[in-house]
Amino acid sequence: MRTPATDEVIDLCRDLIRIDTTNTGDLATSAGERAAAEYVATKLSEVGLDPQLFESRPGRASVVTRIPGADSSRGALLVHGHLDVVPADASEWSVHPFSGEIKDDFIWGRGAVDMKDFDAMSLAVVRDWQRTGYVPPRDIVLAYTADEEAGSDWGAKFLVEEHPDLFEGCTEAIGEVGGFSYTVSNDLRLYMVQTAEKGIDWLRVHATGRPGHGSFVHDDNAVTALAEAVARVGRHRFPVVVTPTVRAFLEEVGEALQIEIDPNDPEAAIAKLGPIATMIGATIRNTANPTRLSAGYKDNVIPGRASATIDCRTLPGQFELFREQLMEVLGPDLEIESIHRQPALETGFDGALVDAMALALKAEDPGAHAVPYMLSGGTDAKSFARLGIRCFGFAPLRLPPDLNFSALFHGIDERVPVEGLQFGVRVLDRFLRQS
Ligand SMILES: [Zn+2]
């Protein structure tokens with residue numbers, strides 16, 4: 001069914017993709033977030049809303065507005081999406097990554113699924129409401145943020161720390177990454193609602209040794225010590241821990257696929273899930289991946305110090321235990337420095353809001369079955385959860401069965417199906433009206 005919102009979402013999504021909001025993680029080279037924020041603010045004020053723009057650093061802008069509901073005494077619902085994207089190298093793409101081109105019934109471009117699609121969907125829905133005079137059941141706070149792709153410091157984290165009043169009364173939130181379909185059969189699609197996300201623990205480890213001449217016999221080389229520790233960590237598999245979210249997911253998947261999944265040994269079953277196996281496989285254990293190395297300043301000088309960065313991701317409730325296990329793998333001689341840490345999140349898959357998600361999906365897709373899952377990455381939800389807000393990943397999208405959705409995130413040829421996007425608008429509209 002076509003509506004003004006399902007028509008408009010296409011242009012909104014393409015316009016947003018065309019505003020290059022590449023976030024390199026470096027203030028000097030990131031750009032475009034201010035232009036995107038101004039675009040969003042214009043689209044909101046055009047229909048009578050009163051958006052506020054917040055610039056945390058020059059160019060790093062976010063937009064927030066509140067739509068008063070029929071019953072403002074109820075807790076407000078936060079609907080959030082980030083405006084920045086990760087870099088894209090045009091030479092690797094089939095179309096220009098900032099073209100927003102439509103080809104083969106997809107909108108192509110960086111941000112098409114992460115997450116200008118959802119930004120466009122929420123804009124399309126509320127613009128339609130404003131034009132028709134619709135008032136939602138409770139207050140809705142809309143937030144479009146900068147800097148999610150580099151840890152949220154200049155976006156969600158800044159808003160939560162400097163302007164917490166904007167989120168006054170918000171009890172629940174929806175944002176990325178969830179609500180997309182995983183096709184089991186023609187008449188059964190699991191829609192993966194994110195109810196948990198892993199914690200982030202980026203570490204720098206340092207090995208020290210005796211500096212010296214590269215031509216001598218040397219038994220205390222920092223590079224060697226670091227390399228051994230990094231190799232041990234990189235090859236180590238931490239034990240399987242099945243949290244309540246993952247257990248619920250595995251039960252649902254086992255039932256849907258009619259396979260037996262041993263919740264204490266789920267690896268073999270997860271491997272059979274196809275493309276989403278990568279996503280799910282990372283949520284049954286803590287992980288530690290070496291990502292950067294640095295040592296030395298000359299080819300014939302043995303340096304006194306060598307360093308590596310390790311990207312660790314921890315399951316809910318596992319942080320202390322994980323650190324102990326990691327120290328055992330690294331050994332006693334390395335110095336550990338914490339660079340960036342954000343806790344894991346987990347909430348139950350229950351309550352009126354979850355019911356509203358399941359019903360809205362079912363109304364638009366009779367084969368829909370909503371299931372909870374855990375995201376292995378981190379999102380702006382980590383910042384909003386600090387305000388006591390219960391966060392869900394629910395950006396509804398119906399996907400073609402053969403699309404490798406998880407590979408599109410930060411991937412080459414990122415694209416979103418036009419029909420899926422329009423489906424998302426209809427589901428989001430229904431959901432918000434029932435929330
Ligand atoms: Zn994202």
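Counting restarts for each chain, with residues numbered from 1 along the sequence as it is written. For this predicted model, a pLDDT threshold of at least 70 governs which residues receive local features, and a threshold of 80 or more governs which side-chain atom pairs are given and counted, while totals over whole chains, interfaces and linings are taken from all residues. Computation of side-chain values covers all heavy atoms of the structure but excludes hydrogens and water.

*Asks:* Sorry, what's going on with the overall build of the protein chain here?
*Replies:* Within the protein chain, the secondary structure is distributed over 13 helices and 19 strands. We compute the radius of gyration from the C-alpha atoms alone; for a globule the expected value is 2.2 Å times N to the 0.38, where N is the number of residues. Against the compact-globule benchmark of 22 Å for 435 residues, the protein chain has a radius of gyration of 23 Å, which places it among compact chains. Counting only C-alpha atoms, the protein chain reaches 80 × 55 × 45 Å along its principal axes. Looking at the protein chain as a whole, 56% of its 435 residues are labelled buried. When the accessible surface of the protein chain is totalled, it reaches about 18,300 Å², and 49% of it is carbon and sulfur. His is not counted, nor are the chain ends; Lys and Arg add positive charge and Asp and Glu add negative charge. We put the charge of a Lys on NZ, of an Arg on CZ, of an Asp on CG and of a Glu on CD. Of the charged side chains in the protein chain, 41 are positive and 65 negative, and the gap between their average positions amounts to 1 Å. Strands are runs of DSSP state E lasting at least two residues, helices are runs of H or I lasting at least four, and both sets are numbered from the N terminus onward. Each residue is assigned to one of three classes by its accessible area relative to the maximum for its type, calculated with a 1.4 Å probe on protein chains only: buried under 20%, partly exposed between the two thresholds, exposed over 50%. Computed with the Shrake-Rupley method and a 1.4 Å probe, the accessible areas treat only the protein chains shown as cover for residues.

*Asks:* Quick question: what am I supposed to make of the coordination of the zinc ion here?
*Replies:* In ideal tetrahedral geometry, four donors around a metal make angles of 109.5 degrees, whereas ideal octahedral geometry with six donors gives angles of 90 or 180 degrees. At the metal site, the zinc ion is ligated by H82 (NE2), D114 (OD), E176 (OE) and E176 (OE), and these contacts range over 1.8 to 2.7 Å. Only nitrogen, oxygen and sulfur atoms within 2.8 Å of the metal, or 3.2 Å for Na, K and Ca, are treated as donors, and water is left out, so sites may look incomplete. All geometry calls rest on donor angles, where a four-donor set with angles between 85 and 135 degrees is tetrahedral, four- and six-donor sets with opposite donors more than 155 degrees apart and all others between 65 and 115 are square planar and octahedral, and all else is irregular. Considering all four donor atoms around the zinc ion, angles at the metal cover 52 to 155° and the coordination shape is irregular. Every donor residue of the zinc ion comes from the same chain, spaced as H-x31-D-x61-E. Residue D114 is located in the loop between β5 (106-108) and α3 (116-132), and its partner E176 is located in the loop between β7 (170-175) and β8 (180-185); the two are separated by 62 residues in the primary sequence.

*Asks:* What is the right way to look at the sheet that holds strand β4 (residues 102-103) in this model?
*Replies:* Strands are treated as partners if at least two bridges between them are detected by DSSP. Strand order across the open sheet formed by three strands is β4-β5-β19, with antiparallel pairing between neighbours. Looking at the sheet topology across the chains shown, the edges are occupied by β4 and β19 (415-417). With three bridges joining them, β5 and β19 adopt antiparallel strand pairing. Bridge pairing in β19 links W108 to R415.

*Asks:* Teacher, can you tell me more about α3 here?
*Replies:* An α-helical turn contains 3.6 residues, so a residue and the one three or four places further along point in the same direction. A helix is expected to reach a length of 1.5 Å times the quantity of its residues less one. With 17 residues, α3 extends 24 Å from end C-alpha to end C-alpha; this agrees with the ideal 24 Å at 1.5 Å per step. For α3, the buried fraction is high: 14 of the 17 residues fall into the buried class. Just downstream of α3 lies G133, where phi reads positive at about 80°.

*Asks:* Please clarify how empty space enclosed by the protein should be interpreted in this entry.
*Replies:* With a probe scaled to a water molecule rolled over the atoms, the places where space remains empty come into view. For each structure, a 1 Å grid was placed over the protein atoms alone; sets of points admitting a 1.4 Å probe that cannot get out are labelled cavities, open sets with protein on both sides within 12 Å along at least five of seven lines are labelled pockets, and lining residues have an atom within 4 Å of a point. Grid points are joined across faces, edges and corners, and a volume is the space filled by probe spheres set on the points. This model, assessed by the stated rule, comprises two cavities of 30 Å³ or more. Each pocket or cavity is described by its volume, and for the largest cavity that value is around 80 Å³. Its residues assigned to classes, the lining of the largest cavity comprises nine nonpolar, one polar and two charged. Computed from the structure, the second largest cavity encloses a volume of approximately 40 Å³. Ten residue types, Ala, Val, Leu, Ile, Met, Phe, Trp, Tyr, Cys and Pro, are classed as nonpolar, four, Asp, Glu, Lys and Arg, as charged, and the remainder, Gly among them, as polar.

*Asks:* When you look at the UniProt feature "domain: Peptidase M20 dimerisation" (unreviewed entry) in the protein chain in this model, what are you seeing that I'm missing?
*Replies:* Under the present numbering, the feature "domain: Peptidase M20 dimerisation" (unreviewed entry) in UniProt falls on residues 195-318. Its end C-alpha atoms 17 Å apart, residues 195-318 is made of 31% helix and 29% strand. UniProt positions are given in the numbering used here, feature names are shortened, and annotations may be inferred rather than shown by experiment.

*Asks:* Before we go on, may I ask you to explain the pairing of strand β2 (residues 60-67) in this structure?
*Replies:* β2 sits mainly inside the fold: seven of its eight residues count as buried. Looking at chain direction, strand β1 (residues 52-57) and β2 are connected through five bridges and run antiparallel. Looking across to β2, one finds that L53 is bridged to V63. Joining the antiparallel neighbours β1 and β2 is a turn of two residues, in which G59 adopts a positive phi near 90°. Direction of pairing for β2 relative to strand β6 (residues 140-145): antiparallel, over a ladder of five bridges. Paired with V63 across the strands is Y144, a residue of β6.

*Asks:* Quick question: what am I supposed to make of the nonpolar core here?
*Replies:* What tends to happen in soluble globular proteins is that the nonpolar side chains get buried as a cluster. Among buried residues, those of type Ala, Val, Leu, Ile, Met, Phe, Trp, Tyr and Cys that are joined through side-chain atoms within 4.5 Å constitute a nonpolar core. Grouped together as the largest cluster of nonpolar side chains are 95 residues, with contacts concentrated most on F249 and F431. We call two residues in contact whenever any of their non-hydrogen atoms come within 4.5 Å of each other. Non-local contacts of F431, meaning those with residues more than four positions away in its chain, are made with L77, I174, L353, A356, M357, A360 and F394.

*Asks:* Before we go on, may I ask you to explain the packing of aromatic side chains in this structure?
*Replies:* To describe a pair of aromatic rings, one takes the distance between the centres and the angle between the planes. Within 6.5 Å between ring centres, the rings of Phe, Tyr and Trp (the latter by its six-membered ring) count as paired, and their orientation is classed by plane angle as stacked under 30 degrees, edge-to-face over 60, tilted in between. For the structure shown, the criterion picks out eight aromatic pairs. Between F167 and F384 the ring centres are 5.2 Å apart and the planes differ by 65°, which places this aromatic pair in the edge-to-face class. Within this pair, whereas F167 is found in the loop between α4 (156-162) and β7, its partner F384 is found in helix α11 (residues 381-384), the two being separated by 217 residues in sequence. Neither residue differs from the other here; F167 and F384 are each classed as buried. Considering the side-chain rings of F180 and Y373, the 5.9 Å spacing of their centres and the 75° angle between planes classify their relative orientation as edge-to-face. Residue F180 is found in strand β8, and its partner Y373 is found in strand β17 (residues 368-375); the two are separated by 193 residues along the sequence.

*Asks:* Got a minute to help me understand the pattern of salt bridges in this structure?
*Replies:* Any two side chains of opposite charge can pair, on the condition that their charged atoms come close. Within this document, salt bridges are pairs made up of a side-chain nitrogen of Lys or Arg and a carboxyl oxygen of Asp or Glu, the two lying within 4 Å of each other. Evaluation of the coordinates by the stated rule reveals 26 salt bridges. Across the pair E33 and R60 runs a salt bridge whose closest N-O atoms are separated by 2.4 Å. In this pair, E33 sits in helix α2 (residues 33-45) while R60 sits in strand β2, placing the two residues 27 residues apart along the sequence. By relative accessible area, which is 1% here, E33 ends up buried. Classification of R60 as buried rests on a relative accessible area of 3%.

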